[in-house]
Amino acid sequence: HIADFGLAISYDDAFIAYLNGREVLRVGVGPGRGKDVTEVKSHGASGYEYFSLRDAMPFLEEDENILSIEGHNRSKASSDFTLDPYLVVRRKPTAVEP
């Protein structure tokens, strides 16, 4: 059983994360999705940042789950792009029987 989970990610410039098709996190991106996003903010990849996905726990399925991440660059002319995610899961401790 999962106690908590989140996303540790190094990114440049912005992203939207989806769990089982539902948006669960939007960072540095205004309205829209895909090619229709607006207001992408500039953000340099300078190491990993952690974002809790605790509020997305109700969207977890019993068996398989799909986490997808949509990355966005500030502009088409930008010379760099980074999207390096790690899913971090903390399990509930199990009782140890004597």
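Residues numbered from 1 in each chain as written. Predicted model: local features only at pLDDT ≥ 70, side-chain atom pairs only at ≥ 80, totals over all residues. Heavy atoms only, no water.

## Focus: the packing of aromatic side chains
Tallied over the entire structure, the rule returns 4 aromatic pairs. Taking 5.5 Å as the distance between ring centres and 65° as the angle between the ring planes, the aromatic pair formed by Tyr48 and Tyr86 counts as edge-to-face. Of this pair, Tyr48 sits in the loop between β3 (22–27) and β4 (49–52) while Tyr86 sits in strand β6 (residues 82–91), and the two are 38 residues apart along the sequence. What makes Tyr86 partly exposed here is its relative accessible area of 48%. (Phe/Tyr/Trp six-rings, centres within 6.5 Å; stacked < 30°, edge-to-face > 60°. Helix = DSSP H or I, 4+ residues; strand = E, 2+ residues; numbered from the N terminus. Buried < 20%, exposed > 50% of the residue type's maximum accessible area, 1.4 Å probe, protein only.)

## Brief notes about the nonpolar core
Membership of the largest hydrophobic core is limited to 12 residues, which are Phe5, Leu7, Ile9, Tyr11, Phe15, Ala17, Leu19, Leu25, Val27, Phe51, Leu53 and Ala56. Residue assignment for this core shows that the elements contributing at least two residues are β1 (2–12), β2 (14–19) and β3. It is β1 that contributes the most residues to this core, 4 residues altogether. Not counting residues up to four positions away in its chain, the partners in contact with Leu53 are Phe5, Gly6, Leu7, Val24 and Leu25. Counting 6 residues, the second-largest nonpolar core is a separate cluster that includes Ala14, Tyr18, Val37 and Val40. (Core = buried A, V, L, I, M, F, W, Y, C linked by side-chain atoms within 4.5 Å. Contact = heavy atoms within 4.5 Å.)

## Quick look at the layout of surface pockets
There is about 350 Å³ of room inside the largest pocket. Contributing to the lining of the largest pocket are 16 residues, with Ile2, Leu60, Glu61, Glu62 and Asn65 lying nearest its centre. When residues of the lining of the largest pocket are traced back to their parent elements, those giving at least two are β1 and β6. In terms of residue count, β6 provides more of the lining of the largest pocket than any other element does, 3 residues in total. When the residues that make up the lining of the largest pocket are grouped by side-chain class, the tally is 9 nonpolar, 2 polar and 5 charged. (1 Å grid on protein atoms, 1.4 Å probe; cavity = no way out; pocket = protein on both sides within 12 Å on 5 of 7 lines; lining within 4 Å. Points joined across faces, edges and corners; volume = space filled by probe spheres on them. Nonpolar A, V, L, I, M, F, W, Y, C, P; charged D, E, K, R; others polar.)

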